[in-house]
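# Results of the structural survey
Single-letter residue listing:
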Amino acid sequence: MKNFSEKHSLVSFIIVLIILGIGISYFYLKNIGRQEKTSITIAVSKTPLSAPFYVAKAINAFDNTCAKIEYEQVIGGHAAFEKVMNGKVDFGTSSDSVIAFQSLAKHKPSFVTHAMFVQSDNDVKLITRASDNIESTRDLKGRRIGVTKGTSSEYILSTLLAIEGLTIEDVDLLHYKPEQLLQGFSNGEVDAILPWEPFAFQTRQLLNNKIKIHDTKSLSTLSFNLLSQTANNQLVEKAQCVIQGLRVAIDYIVSNPEESKKIVVDELQVDPAFIEWVWSDYIFKLSLNHSLILNIKSQAIWAMEAQIGEFSSVYNSALFVDSRALSKVEPGSVNLSL
């Protein structure tokens with residue numbers, strides 16, 4: 001009996017130790033997890049193109065990553081870029097056009113993109129009056145055209161003209177702020193405009209059958225990117241945390257498009273019809289590929305030749321791409337080879 005009692009006590013003692021060990025380990029791991037959460041700030045451009053970030057916040061996509069995320073909403077990719085370069089945030093969301101133009105600084109800029117998370121091949125649209133019977137880009141010769149100087153609006157126009165053997169010199173170019181293009185068109189100051197969204201949608205809503213929206217789909221691809229200053233190892237680790245959450249959000253968008261659209265409508269407080277209008281043009285996907293480098297390069301060369309600013313040289317566009325973080329999260333999404 002004595003041996004049985006001693007064995008029973010020993011077994012009980014061991015069980016207690018195991019339970020205590022499990023409890024301590026759970027407490028330790030739980031708190032270690034909390035300690036490893038990295039605080040990250042992101043300047044998020046207020047546009048449907050930032051949809052993966054809005055969805056990530058709505059579905060708590062960052063909860064199981066190493067990141068504790070805080071957003072700063074800004075108007076436009078340029079504003080997000082400036083916050084990044086001023087050191088006010090860790091990351092920003094911005095277009096490849098911003099990368100191209102900012103890459104032309106006199107001194108080599110110190111910023112990179114870690115990933116594209118959405119692309120659209122129909123963001124900038126050519127709009128004319130239905131009554132003017134402008135059927136093709138060639139019919140724009142000698143016409144007054146409104147663009148936003150030094151942006152994808154002017155870049156797309158120059159591309160359209162080049163296809164028909166024309167140049168900017170063959171048209172009368174007028175420059176407007178993006179939100180003023182519709183007013184200039186409505187007032188009869190110009191015969192055509194090249195707005196981006198949501199201004200193209202607003203033009204259609206206001207003028208409806210009085211306008212013609214020309215097919216420019218697939219002419220140029222706009223991408224939205226996760227940008228930071230040139231990344232040290234710590235920033236790469238932070239980028240990896242962000243990309244992990246974006247992957248969860250993008251998977252949700254692909255599987256739940258209607259719920260995702262509602263999240264974006266609620267976040268931006270926009271007309272649901274607008275989100276329906278642009279959504280089919282969006283490709284939500286994490287990637288870094290050679291086409292991004294070529295797109296940045298072509299826009300940079302165009303800006304140089306068009307003398308958009310006092311630029312001295314075109315740097316190697318590959319210098320502004322850092323694939324380390326995306327390669328760790330989703331290596332199959334990186335293809336930077338020629």
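Residues numbered from 1 in each chain as written. Predicted model: local features only at pLDDT ≥ 70, side-chain atom pairs only at ≥ 80, totals over all residues. Heavy atoms only, no water.

## Concerning the sheet that holds strand β4 (residues 111–120)
One open sheet holds the seven strands; their spatial order is β2-β1-β3-β10-β4-β11-β12, and the pairing between them is mixed. With partners counted over all chains shown, the strands left at the sheet margins are β2 (67–74) and β12 (334–335), one partner each. Relative to β2, strand β1 (residues 38–45) runs parallel, the two being bridged by eight bridges. Opposite Ala-43, over in β2, you have Glu-72 as the bridge partner. Contacting β1, β2, β3 (91–95), β4, β10 (222–229) and β11 (282–289), helix α8 (residues 233–255) crosses the sheet at an angle of about 150° to β11. (Pairing = 2+ DSSP bridges. Helix = DSSP H or I, 4+ residues; strand = E, 2+ residues; numbered from the N terminus. Contact = heavy atoms within 4.5 Å. Axes fitted to C-alpha atoms, helices over the stretch in contact; angles between N-to-C directions.)

## Here we look at the packing of helix α9 (residues 257–268) against helix α10 (residues 272–279)
Between two packed helices, the angle of one axis relative to the other and the distance separating the axes together describe the packing. Interaxial distance between α9 and α10 falls to 10 Å at its minimum, and their mutual angle equals 125°. Taken together, the axes of α9 and α10 are oblique relative to one another. The two elements α9 and α10 meet at a crossing, and its hand is right-handed. Taken together, the residues of α10 that come into contact with α9 (itself represented by Pro-257, Glu-258, Ser-260, Lys-261, Val-264 and Val-265) are Pro-272, Ile-275, Glu-276 and Trp-279. Residue classes in the contact of α9 with α10 are distributed as six nonpolar, one polar and three charged. (Parallel < 35°, antiparallel > 145°, perpendicular 65-115°, else oblique. Left-handed = near helix turned anticlockwise from the far one by under 90°. Nonpolar A, V, L, I, M, F, W, Y, C, P; charged D, E, K, R; others polar.)

## Points about the confidence of the model for the chain
Reading predicted coordinates in detail is not appropriate for stretches of low pLDDT. Residue-level pLDDT values for the chain average 88, and 86% of them are 70 or greater. Taking the mean pLDDT of every element in the chain, the minimum, 56, falls on helix α1 (residues 2–36) and the maximum, 98, on strand β8 (residues 192–193). (pLDDT = per-residue confidence, 0-100.)

## Regarding the sheet that holds strand β6 (residues 144–147)
Here we have five strands laid out as an open sheet, ordered β7-β6-β8-β5-β9, and mixed in their pairing. Each edge of the sheet is formed by a strand with only one pairing partner; in this case those strands are β7 (172–175) and β9 (211–213). Pairing analysis gives three bridges linking strand β5 (residues 127–129) to β9, with the strands arranged antiparallel. Bridge pairing in β9 links Arg-129 to Ile-211. Along the sheet, helix α5 (residues 152–163) makes contact with β6 and β7, crossing β6 at roughly 140°.

## Structural notes on the side chain of Thr-128
Relative to the helices and strands, Thr-128 resides in strand β5. Polar contacts involving the side chain of Thr-128 include one to the side chain of His-214, which spans 2.8 Å. (Polar contact = N/O pair within 3.5 Å; in protein donor to acceptor, adjacent residues only side chain to side chain.)

## Quick notes on α10
Turning to α10, its buried residues are Phe-274, Ile-275, Val-278 and Trp-279. All buried residues of α10 project into a common sector of 125° when viewed along the axis, lining one side. Along its buried surface, α10 packs onto α2 (51–58), α7 (199–207), α8, α9 and β11. (Buried < 20%, exposed > 50% of the residue type's maximum accessible area, 1.4 Å probe, protein only. Arc of directions from axis to C-beta.)

## Observations regarding the pairing of β1
Burial analysis of β1 places six of its eight residues in the buried class, the great majority of the element. For the crossover from β1 across α2 to β2, the handedness is right-handed. (Right-handed = clockwise from strand over helix to strand, strands pointing away.)

## Focus: empty space enclosed by the protein
This structure, assessed with the given rule, holds one cavity of 30 Å³ or more. Taken as a whole, the largest cavity encloses approximately 150 Å³ of empty space. Along the wall of the largest cavity there are 17 residues; nearest its centre are Val-124, Ile-156, Ser-220, Thr-221 and Leu-222. No other element matches the three residues that α5 contributes to the lining of the largest cavity. (1 Å grid on protein atoms, 1.4 Å probe; cavity = no way out; pocket = protein on both sides within 12 Å on 5 of 7 lines; lining within 4 Å. Points joined across faces, edges and corners; volume = space filled by probe spheres on them.)

## Focus on the packing of α8 against α9
In contact at an axis separation of 5 Å, α8 and α9 are set at 115° when each is read in the N-to-C sense. Here α8 contributes Tyr-252, Ile-253, Val-254 and Ser-255 to the contact with α9, which in turn contributes Pro-257, Glu-259, Ser-260 and Ile-263. Residues belonging to the contact of α8 with α9 are distributed by class as follows: five nonpolar, two polar and one charged.

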